[in-house]
Amino acid sequence: MALGIAVNIFFLQISTNLNHLSLDSVNVPIAIGLILMMYPPLAKVNYKTLPQVFKDRRTLVLSLLQNWLVASCLMFILAIIFLHQYPEYMTGLILIGLARFIAMVLVWNNLAGGDNQYVAALVAFNSIFQILFLSSYAWLFLDVLLPYFGVEDKVIDVGGWTIMHAVLLYLGVPFLLGFSLV
């Protein structure tokens, strides 16, 4: 992170130049970085044991509640309370609250020496929900709920396919590589 900040400070045009390395809505350097970061922990997973982890219904329900209800609503409330005067930041915080940072969960679990199979199952479970529901969830929070709090102007117009495309690329490719190259 320090290297990234230093590069951005000393080479002011680097972020602009990196943004030009995008195909459609996908930033290629970010995609490569995420795939390289997520592959090692996913390559260590014994995928044959995943059905056993999926039998733990209590953990799956708690994961869904925490990730899709508590976290999303908490970030929405924080955005409304603290960023009401800054709709662009409010929108960003809401989107961060909706999207699960699965790459970091894998990396933190790997660094902590956690159970790779268990976390991979939870990540897979939440990834499926992200692929299926993130675009409609973003619509609910940004287009339906925000107007109730006085935010009428759309700050960002992101289509469902753009969100699904990004989720499939950033989550699907590392999972397929981890699953197939082991």
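Note that the coordinates shown come from a computational prediction; the quantities given were computed from them, not determined experimentally. (Residues numbered from 1 in each chain as written. Predicted model: local features only at pLDDT ≥ 70, side-chain atom pairs only at ≥ 80, totals over all residues. Heavy atoms only, no water.)

K.L.:
Where do I start with the packing of helix α6 (residues 87-98) against helix α8 (residues 116-145) in this structure?
P.N.:
If you want to describe how two helices pack, look at the angle between their axes and the distance between the axes. In contact at an axis separation of 10 Å, α6 and α8 are set at 145 degrees when each is read in the N-to-C sense. The interaxial crossing formed by α6 with α8 has right-handed handedness. Two secondary-structure elements touch here, α6 through Thr 91, Ile 94, Leu 95 and Leu 98 and α8 through Leu 134, Tyr 137, Ala 138, Phe 141 and Leu 142. Considered class by class, the residues forming the contact of α6 with α8 number eight nonpolar, one polar and no charged. (Axes fitted to C-alpha atoms, helices over the stretch in contact; angles between N-to-C directions. Helix = DSSP H or I, 4+ residues; strand = E, 2+ residues; numbered from the N terminus. Left-handed = near helix turned anticlockwise from the far one by under 90°. Contact = heavy atoms within 4.5 Å. Nonpolar A, V, L, I, M, F, W, Y, C, P; charged D, E, K, R; others polar.)

K.L.:
Help me out: how do you make sense of a nonpolar patch on the surface in this one?
P.N.:
On the surface, Leu 18, Leu 21, Leu 23, Val 28, Ile 32 and Leu 36 cluster together into a nonpolar patch covering about 550 Å² of accessible area. Element by element, the count of residues in the nonpolar patch is highest for helix α3 (residues 28-43), at three residues. Positionally, Val 28 belongs in helix α3. According to the relative accessible area criterion, Val 28 is partly exposed, its value standing at 30%. (Patch = residues over 30% accessible without salt bridge, like charges linked within 9 Å, V, L, I, M, F, W, Y side chains within 5 Å. Areas by Shrake-Rupley, 256 points an atom, 1.4 Å probe, with all protein chains shown as cover. Salt bridge = Lys/Arg side-chain N within 4 Å of Asp/Glu carboxyl O. Buried < 20%, exposed > 50% of the residue type's maximum accessible area, 1.4 Å probe, protein only.)

K.L.:
When you look at the nonpolar core in this model, what are you seeing that I'm missing?
P.N.:
Within soluble globular proteins, side chains that are nonpolar tend to cluster in buried spots. Counting 30 residues, the largest nonpolar core has Met 90, Ile 94, Leu 98 and Leu 146 as the members making the most contacts within it. When contributions to this core are tallied by element, the ones reaching two or more residues are α3, α4 (50-54), α5 (57-83), α6, α8 and α9 (160-180). When residues in this core are grouped by element, the largest group, ten residues, is from α8. Setting aside chain neighbours within four positions, we find Met 90 in contact with Ala 79, Ile 80, Leu 83, His 84, Leu 146 and Val 151. (Core = buried A, V, L, I, M, F, W, Y, C linked by side-chain atoms within 4.5 Å.)

K.L.:
Teacher, can you tell me more about the packing of α5 against α6 here?
P.N.:
Where α5 contacts α6, the axes come no closer than 8 Å and their chain directions differ by 170 degrees. It follows from the interaxial angle that α5 and α6 lie roughly antiparallel. On α6, the residues that touch Trp 68, Ala 71, Ser 72, Met 75, Phe 76, Leu 78, Ala 79, Ile 80 and Leu 83 of α5 are Pro 87, Tyr 89, Met 90, Leu 93, Ile 94, Ile 96, Gly 97 and Leu 98. Of the residues that constitute the contact of α5 with α6, the class distribution is 15 nonpolar, two polar and no charged. (Parallel < 35°, antiparallel > 145°, perpendicular 65-115°, else oblique.)

K.L.:
Could you clarify how one ought to interpret the environment of Ser 15 in this entry?
P.N.:
Looking at the secondary structure, you find Ser 15 in helix α2 (residues 14-19). Residue class for Ser 15 comes out partly exposed when judged on its relative accessible area of 33%. Expressed as a C-alpha distance, the spacing of Ser 15 and Ala 166, which sit 151 residues apart in the sequence, is 20 Å.

K.L.:
Explain the packing of aromatic side chains here, please?
P.N.:
The geometry of an aromatic ring pair is captured by the separation of the ring centres together with the interplanar angle, meaning the angle of the planes. According to the stated counting rule, one finds five aromatic pairs in the structure shown. Both rings, one in Phe 76 and one in Phe 149, keep their centres 5.5 Å apart while their planes meet at 70 degrees; by these two values the pair is edge-to-face. A residue pair is termed long-range when its members are at least 10 positions apart, and Phe 76 in helix α5 and Phe 149 in the loop between α8 and α9 qualify at 73 residues. Look at Phe 76 and you get buried, because its relative accessible area is 6%. Classification of Phe 149 as partly exposed rests on a relative accessible area of 41%. (Phe/Tyr/Trp six-rings, centres within 6.5 Å; stacked < 30°, edge-to-face > 60°.)

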